[in-house]
Amino acid sequence: GQSLEQPSEVTAVEGAIVQINCTYQTSGFYGLSWYQQHDGGAPTFLSYNALDGLEETGRFSSFLSRSDSYGYLLLQELQMKDSASYFCAVINKGTYKYIFGTGTRLKVLA
Amino acid sequence: EPEVTQTPSHQVTQMGQEVILRCVPISNHLYFYWYRQILGQKVEFLVSFYNNEISEKSEIFDDQFSVERPDGSNFTLKIRSTKLEDSAMYFCASSDPVGNEQFFGPGTRLTVL
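An account of the accompanying structure is given in this report. (Residues numbered from 1 in each chain as written. Chains lettered and ligands numbered in written order. Predicted model: local features only at pLDDT ≥ 70, side-chain atom pairs only at ≥ 80, totals over all residues. Heavy atoms only, no water.)

**Things to note about the state of the cysteines**
Under the criterion given, the structure shown has two disulfides over all chains. Put simply, A:Cys22 and A:Cys88 are joined by a disulfide, and their sulfur atoms are 2.1 Å apart. Residues A:Cys22 and A:Cys88 are joined by a disulfide whose S-S torsion is about 75°; by sign, that bridge is right-handed. Remark: A:Cys88 occurs in strand β9 (residues 84-92) and A:Cys22 occurs in strand β3 (residues 18-25); sequence separation between them is 66 residues. The pair formed by A:Cys22 and A:Cys88 is uniform in burial state, with each residue classed as buried. A sulfur-sulfur distance of 1.9 Å marks the disulfide that ties B:Cys23 to B:Cys92. The disulfide joining B:Cys23 to B:Cys92 has a torsion of about -60° about its S-S bond and is therefore left-handed. Here B:Cys23 is found in strand β3 (residues 19-24), whereas its partner B:Cys92 is found in strand β9 (residues 88-95), with 69 residues between them in sequence. For B:Cys92, a relative accessible area of 0% translates into the label buried. (Disulfide = S-S within 2.5 Å. Helix = DSSP H or I, 4+ residues; strand = E, 2+ residues; numbered from the N terminus. Buried < 20%, exposed > 50% of the residue type's maximum accessible area, 1.4 Å probe, protein only.)

Quick look at the structure:
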């Protein structure tokens, strides 16, 4: 089967750094994406990794290790507005079927 | 900035009725998707659509569901004979030819009574 596992909840303070992990089991792996979702809102794209290594976009970075079936999202200089749910998503090659992880609820405290 | 739009924002229906959820993807995108999210849970893939046909569907997407692209702009999800457990937020998404970044619409909240 296909599955993605994430921690259910992470809490951190403003200005801190937090890492959200994602481990996956899937066939036909094409890439790993990360999405942010605020309560009541739609998912919005943050980053995408097709190859091993680190991708940096401003305060957010994402890492992928294909051999370990593992990735993480790193959020730096946390702000209150970063409080949201974060989902990793695996993309299946050929069909563009996206499987979303269980989601991690990030709470940023003042 | 182009965006995906969905109508209606909220649909209330009686159990057993049929509903049609509508989406207008971003105009130059070629891949279209429907997802379902039950309150507080993860986003669940329903179906992907490319070149006027379904490219992949999940086990959730049974005969109760169908999708259509009736013209050059709209992309619809039809749910026949709705059940209480179909109550959820339904998101439409589209992506460009690269396929890695999806743009989500604001969602339609479906309530089945």
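That was the structure; now back to the text.
**Considering the pattern of salt bridges**
Any two side chains of opposite charge can pair if their charged atoms end up close together. Residues and elements named next belong to chain B. For the structure on display, the rule yields four salt bridges over all chains. As a salt-bridge pair, Arg36 and Glu44 come within 3.2 Å of each other at their nearest N and O atoms. Residue Arg36 shares its accessibility class with Glu44, and that shared class is buried. (Salt bridge = Lys/Arg side-chain N within 4 Å of Asp/Glu carboxyl O.)

**Considerations on the sheet that holds strand β1 (residues 5-7) of chain B**
Residues and elements named next belong to chain B. Taken in spatial order, the four strands of this open sheet run β1-β3-β8-β7, and their pairing is antiparallel. Looking at which strands have only one partner, the edges of the open sheet turn out to be β1 and β7 (65-68). Pairwise comparison of adjacent strand axes, ignoring direction, gives a mean angle of 20° for this sheet. With four bridges joining them, β7 and strand β8 (residues 75-79) adopt antiparallel strand pairing. Bridge pairing in β8 links Phe65 to Ile79. (Pairing = 2+ DSSP bridges. Axes fitted to C-alpha atoms, helices over the stretch in contact; angles between N-to-C directions.)

**A few points about the sheet that holds strand β7 (residues 60-65) of chain A**
All names here are of chain A. Taken in spatial order, the five strands line up as β1-β3-β8-β7-β6 in an open sheet, and their pairing is antiparallel. Of all strands in the sheet, those bounded by a partner on one side alone are β1 (3-5) and β6 (53-57). Mean inter-strand twist for the sheet, computed between neighbouring axes without regard to direction, equals 20°. Across five bridges, β6 lies against β7 in antiparallel orientation. The residue bridging Glu55 from the neighbouring strand is Ser62, located in β7.

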